[in-house]
Amino acid sequence: MSSPSAASGSGTSNGDGGANGKIEQYGPAGPFGAVFQIIPGVQNYDWGIEGKKGSLVAVYGEATEQLGMKIEDDKPYAELWMGTHPTLPSTIVPPPNCPRPPPSGTFISLSSYLNRHSSLLGDKVVKKYGDGLTRNGGVDGPDGKKKDQGALPFLFKILSAGKALSIQAHPDKDLAKRLHAEKPKSYKDDNHKPEMAIALTPFRGFCGFRPLGEIVHFLSVVPEFHALVDPSDAFLSEVEYASKPTSGTTEQETKQWLRKIFEPLMKAKMTDVKKRTMGIAQRYASALASGSAKDLEVDESLAKLVCTLNEQFPGDVGVFCSFVLNVVRMQPGQAMFLKANEPHAYIEGNIVECMAASDNVVRAGLTPKERDVDVLVDMLTYSSGGPDKQLMKPRPWLPAKGSKTREAYGVAAEGKEDDDEAIAAVELPLDVASPSAAKRDEPLASLPSLLYDPPIDEFSVAVTRLRPGQAEKQRAVQGPSLLILTAGKGKLRTVSAEGEDQREFDMDKPGKVFFVGAGQEVEISADESGDEGAAAGSLSVFRAFVEVAE
Ligand SMILES: [Zn+2]
């Protein structure tokens, strides 16, 4: 873990003056103002991508000088954490000309600063989330109850997966409460943990159950899989019949069949699992090596996946999830939302991830960590469908009124006073992907910001891509935001009323992270680049935020 030591949030040396009754002197946002750079943390889990293989976590981590990171070739860099989660909380870089910087070498944690300057979170966000997030060790509230009003309801991450992460699912709110009460050591908090992933590079992961017909096909052609689930012919012919469209099998019955396949697989005897996993991996590996993969019962990419997973986790039952779960591929800019109680596992690639602030994971395979197969098998919804069902579509995120880029949203959006009306009028190109690959002459680049808005309250993520020299004013969000520059170079400015100070921050290296307080309008601009027509000059920023709907 890399993270500079945070100065404690209490006492008189906190540096920001807030606790010393000097709030008036600096305004409600405190001496750091409403926008400042933050220092994220880096996790070097062993599944991360190695430095020499281009881990984006490594590249982005190095951009924050205060982390003092130098990329090592053979070291895995797995996750960059941005937020207030107590496991790896972000700290603040005092802005230039800060009237009261903390003592050199110490950094104030984002959560303690937000706790003292709660206007940065916005009234509604404090009201909705401020008192509920007690698990963070909390700051004592005036009534003596533990509370941490400085905690963000979401955690924002960059993830670089070099090998598969565990097969897992996250509990919904009710199950999280129960698990936390029963096994507080394994389930550290009582919150749900919906996740959203947006690809930065081509990405592959398991997500949700395959359609029953596909799984049954694999049962009938892959002998090792059949043997582990239920070796009897009767089982196979029954489920084969049930999977036929003409059989009249109801949705509920389909779910029961999925469970009848998944549960015995996940609970199969360890020695059986080892034997079958090694068997299938050897069979596929030798076919791949001898160039006879076309004779296999599955296509080559699935055979390769089975071999790869077995190399990473020899003899693990998770290898067989290849036949049960969808393999979802995402191109840069494509996103998926992982609902509660949906099985998933990232396999490889770099993504931006946002989740509700929680650490509740129920694991069942491809992991050296604790497994809780009983809970996992019980909690799943067993809904199924193809990989496309897992992907989510972004929609335009309109720039602030008066921003030049607002025109770029096209004639249709012009003259529409109401944002929703304007959004409805914008036609989104189908190939809405590639925030990192916007080219100068690409029509997509005229849509600077897209919003990924999952069906939960705790977060949304906007992606802004700007061509060299282009600028966009982003409307004041009525809640806290975290911004990370993921490509290009540019500036981040506060947009203030006339006469007020304007602050400007250099976004000079991909990986720099900033906080923007509630109610603060900002402008993002991309530097001019001499590199005509190249994507190198384009800028890309991801912004996670929370707002409480009216
Ligand atoms: Zn997950």
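Placed above this text is the structure.
Residues numbered from 1 in each chain as written. Predicted model: local features only at pLDDT ≥ 70, side-chain atom pairs only at ≥ 80, totals over all residues. Heavy atoms only, no water.

> Teacher, can you tell me more about the environment of Pro343 here?
Within the secondary structure, Pro343 sits in the loop between strand S16 (335-338) and strand S17 (344-356). Taking the relative accessible area as the measure of exposure, Pro343 reaches 1% and is therefore buried. Here the alpha-carbon distance between Pro343 and Arg363, two residues 20 residues apart in the chain, equals 9.3 Å. Once residues lying within four places of it in the same chain are set aside, the contact partners of Pro343 are Gln168, Ala169, Phe206, Cys207, Gly208, Phe209, Leu325 and Leu380. (Helix = DSSP H or I, 4+ residues; strand = E, 2+ residues; numbered from the N terminus. Buried < 20%, exposed > 50% of the residue type's maximum accessible area, 1.4 Å probe, protein only. Contact = heavy atoms within 4.5 Å.)

> Got a minute to help me understand the coordination of the zinc ion in this structure?
Coordination angles at a metal have ideal targets, namely 109.5 degrees for four tetrahedral donors and 90 or 180 degrees for six octahedral donors. With distances of 2.1 to 2.8 Å, the protein atoms coordinating the zinc ion are Gln168 (OE1), His170 (NE2), Glu195 (OE), Glu195 (OE) and His344 (NE2). In the primary structure, the donors to the zinc ion are separated according to the pattern Q-x1-H-x24-E-x148-H. In this pair, Glu195 sits in strand S13 (residues 195-199) while His344 sits in strand S17, placing the two residues 149 residues apart along the sequence. (Donors = N, O, S within 2.8 Å, 3.2 Å for Na, K, Ca; no water.)

> Would you mind going over unusual backbone geometry with me for this structure?
Negative phi values dominate among residues other than glycine, just as trans dominates among peptide bonds. Its identity is not glycine, yet Asn341 carries a phi of approximately 65°, on the positive side. Here Asn341 shows up in the loop between S16 and S17. Positive phi outside glycine occurs at Tyr382, with the angle close to 55°. For Tyr382, the location among the structural elements is in the loop between helix H12 (373-379) and strand S19 (391-392). What makes Tyr382 buried here is its relative accessible area of 5%.

> It is not clear to me how the sheet that holds strand S29 (residues 539-545) should be interpreted in this structure. Could you clarify?
Sheets are built from strands paired through backbone hydrogen bonds, the pairs being either parallel or antiparallel. With antiparallel pairing, the eight strands of this open sheet are ordered in space as S7-S2-S27-S24-S29-S22-S21-S20. This sheet does not close on itself; its edge strands, each paired only once, are strand S7 (91-93) and strand S20 (395-396). (Pairing = 2+ DSSP bridges.)

> Mind showing me how you'd approach the packing of aromatic side chains here?
Remark: the centre distance and the inter-plane angle together describe each pair of aromatic rings, the angle taken between the planes. Using the criterion set out here, one finds 16 aromatic pairs in the structure. Ring centres of Phe36 and Phe515 lie 5.1 Å apart, and the angle between their planes is 15°; on these two criteria the pair is classed as stacked. Of this pair, Phe36 sits in strand S2 (residues 35-39) while Phe515 sits in strand S27 (residues 513-516), and the two are 479 residues apart along the sequence. In terms of burial, Phe36 and Phe515 fall into one category: buried. On the basis of an interplanar angle of 25° and a centroid distance of 5.2 Å, the ring pair of Phe209 and Tyr382 is categorised as stacked. Of this pair, Phe209 sits in strand S14 (residues 203-209) while Tyr382 is found in the loop between H12 and S19, placing the two residues 173 residues apart along the sequence. Judged by its relative accessible area of 1%, Phe209 falls in the buried class. Ring pairing ties together the aromatic residues Phe32, Phe36, Tyr113 and Phe515, which thus form one cluster. (Phe/Tyr/Trp six-rings, centres within 6.5 Å; stacked < 30°, edge-to-face > 60°.)

> Explanation requested: the pairing of strand S6 (residues 79-82) in the structure shown.
For a regular strand, side chains alternate in direction, first toward one face of the sheet and then toward the other. Both faces of S6 are covered, namely the face carrying Glu79 and Trp81 and the face carrying Leu80 and Met82. As paired strands, strand S3 (residues 41-43) and S6 are joined by three bridges and run antiparallel to one another. Looking at S6, one finds that Gly41 is bridged to Trp81. As paired strands, S6 and strand S11 (residues 154-161) are joined by four bridges and run antiparallel to one another. Looking at S11, one finds that Met82 is bridged to Phe156.

> Help me understand the nonpolar core, please; the structure alone is not making it clear to me.
Side chains that are nonpolar tend, in soluble globular proteins, to be buried together. In this structure, Phe206, Phe225, Phe262, Tyr284 and Phe323 are the most contacted members of the largest nonpolar core, which totals 61 residues. When residues no more than four places from it in sequence are discounted, the contact partners of Phe225 are Ile215, Phe218, Leu219, Ile261, Leu265, Phe320, Phe323 and Val324. Within the second largest apolar cluster, 53 residues are counted, among which are Ala34, Cys98, Ile484 and Phe515. (Core = buried A, V, L, I, M, F, W, Y, C linked by side-chain atoms within 4.5 Å.)

> Please explain helix H11 (residues 300-312) as it appears in this structure.
It helps to recall that an α-helix has 3.6 residues per turn; residues three or four apart then point in one direction. Under the 1.5 Å per step criterion, the end-to-end length of H11 is 18 Å for 13 residues, consistent within 8% with the ideal 18 Å. On its buried face, H11 is in contact with S14, helix H6 (212-221), helix H10 (270-289), strand S15 (325-330) and S17. (Expected span 1.5 Å × (residues − 1).)

> Could you clarify how one ought to interpret the packing of H6 against helix H8 (residues 233-242) in this entry?
Helix packing for two helices is described by the angle between their axes and how far apart those axes are. Look at H6 against H8: their axes get within 10 Å of each other, and the N-to-C directions meet at 150°. Considered as vectors, H6 and H8 are oriented roughly antiparallel to each other. As for the relative orientation of H6 and H8, their crossing is left-handed in sense. Note on element contacts: H8 touches H6 through Phe235, Leu236, Val239 and Glu240, opposite Leu212, Val216, Leu219 and Ser220. Classifying every residue of the contact of H6 with H8 gives six nonpolar, one polar and one charged. (Axes fitted to C-alpha atoms, helices over the stretch in contact; angles between N-to-C directions. Parallel < 35°, antiparallel > 145°, perpendicular 65-115°, else oblique. Left-handed = near helix turned anticlockwise from the far one by under 90°. Nonpolar A, V, L, I, M, F, W, Y, C, P; charged D, E, K, R; others polar.)

> Please explain the sheet that holds strand S23 (residues 471-474) as it appears in this structure.
The antiparallel open sheet is built from four strands, whose spatial order is S23-S28-S25-S26. Two strands close off the open sheet at either side, each with one partner strand: S23 and strand S26 (504-507). The mean angle between the axes of side-by-side strands here comes to 20°, regardless of whether they run parallel or antiparallel.

> Would you explain the pattern of salt bridges in this entry?
Between side chains of opposite charge, a pair can form when the charged atoms approach closely. Across all of its chains, the model carries 25 salt bridges by this definition. A salt bridge links Glu72 to Lys75; the nearest nitrogen and oxygen atoms lie 3.8 Å apart. Residues Asp508 and Lys512 are paired through a salt bridge, measuring 2.8 Å at the closest nitrogen-oxygen approach. Given the relative accessible area of 7%, Lys512 is considered buried. Through salt bridges with shared partners, a single network forms among Arg259, Glu263, Lys267, Asp374 and Asp378. (Salt bridge = Lys/Arg side-chain N within 4 Å of Asp/Glu carboxyl O.)

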